[in-house]
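In case you want the letters, here they are:
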Amino acid sequence: MDKKFLTKLLKSLGERLAGKNANAIIELLVGKKDVNEFKIAEKTGLTINQVRNVLYKLAHHNLISAIRKKDKRKGWYIYYWTLDSIRALELLIEMIDKEIKRIEHEIKKRETKSFYVCPICETEFSEETALLYEFTCPECGEVLQLVDSQKYLKELKKRATTLEQEIIEVRKIRDELMEEKKKRETKKKAARQKKKERKKKTAGKKKTMKKSAARGKRKRSGKKKKESRKRKK
Ligand SMILES: [Zn+2]
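Calculation rules
- Residues numbered from 1 in each chain as written.
- Predicted model: local features only at pLDDT ≥ 70, side-chain atom pairs only at ≥ 80, totals over all residues.
- Helix = DSSP H or I, 4+ residues; strand = E, 2+ residues; numbered from the N terminus.
- Expected span 1.5 Å × (residues − 1).
- Contact = placed C-beta atoms within 7 Å.
- Pairing = 2+ DSSP bridges.
- Core = buried A, V, L, I, M, F, W, Y, C linked by C-beta atoms within 7 Å.
- Buried ≥ 20, exposed ≤ 12 C-beta atoms within 10 Å, placed from the backbone.
- Domains from an automatic or database assignment.

Trainee: Can you walk me through helix α4 (residues 48-60) in this structure?
Mentor: Since the α-helix packs 3.6 residues into each turn, any two residues three or four apart lie on the same face. For α4, with 13 residues, the first-to-last C-alpha span of 18 Å sits near the 18 Å given by 1.5 Å per residue. Looking at the packing, one finds that the buried side of α4 touches α1 (3-18), α2 (22-29), α3 (37-44), β2 (64-70) and β3 (77-83). A positive backbone phi angle near 65° is found at asparagine 62, which sits one or two residues after α4.

Structure below.
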């Protein structure tokens, strides 16, 4: 797992969703659990309100969650935050996927339709609209020119390729994180199972001890009965 790359991805996502202050906060949260919000403020040099502002925005997208604990001394609640890296990467994948689809749509449009532009206002028109204005700009009256989309198309295609590579990388990291999570959970489950079995064993021992004790008692009382019968005779 390339943790540096993961942090970079999460920081850029955080900044897009919650502004520049998210950078330092995400950096602090990656790979940790239940981080005290006052500690975040202290370590990032941000005010508690700035920190909460970012955290609430990230929470709005379900990227982080909090538990609250009462501070016994001060009597107020403190929130402890955990970043859900898998959910964050899933959102990032969704966003990249959407962007790729938008670009593909734009490429198709540019390849199949003509566009016109006013050389002075630089406003662009579809062929239908240009025809409606008889190929003169409605603002300044200049004759509209046919747009050469080749350069723009090249840029769009390059961008799409970059994004397609990016989404593969992000998916790979997400899968690695999910694999790690699964391993952690199996380990925990195994530990729980072991504990249960150990409890059963000790409980079982106690039961057999009780049983044998009871059996002993019965034997003893049986003897007593026989003895008392003997005495009666
Ligand atoms: Zn014009």
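Trainee: Before we go on, may I ask you to explain the pairing of β2 in this structure?
Mentor: Two faces, one strand: in a regular strand the side chains alternate between the faces of the sheet. Taken together, the 7 bridges between β2 and β3 define a ladder with antiparallel strand orientation. Among the inter-strand pairings, lysine 69 is bridged to a residue of β3, identified as isoleucine 78. In this antiparallel pair of consecutive strands, β2 and β3, the connection spans 6 residues, and glycine 75 shows a positive phi of 80°.

Trainee: Explain the sheet that holds strand β6 (residues 145-146) to me, please; I cannot follow it from the model alone.
Mentor: The strands making up a sheet associate through backbone hydrogen bonding, with each pair oriented either parallel or antiparallel. Here we have 3 strands laid out as an open sheet, ordered β5-β4-β6, and antiparallel in their pairing. Of all the strands in the sheet, the pair left with one neighbour each is β5 (124-126) and β6. Bridging between strand β4 (residues 115-117) and β5 involves 3 bridges; their strand directions are antiparallel. Bridge pairing in β5 places phenylalanine 115 opposite serine 126.

Trainee: Would you mind showing me how to read the nonpolar core here?
Mentor: Inside soluble globular proteins, nonpolar side chains tend to come together where they are buried. Of all hydrophobic cores here, the largest spans 24 residues; its most connected members are Leu9, Ile25, Leu29, Val54, Leu58, Ile64 and Ala88. Contributing elements (two or more residues each) for this core: α1, α2, α4, β3, α5 (85-112) and α7 (150-232). When residues in this core are grouped by element, the largest group, 5 residues, is from α1. No fewer than three residues from each of domain 1 (3-83) and domain 2 (88-188) sit in this core. When residues no more than four places from it in sequence are discounted, the contact partners of isoleucine 25 are Ile40, Thr44, Val51 and Val54.

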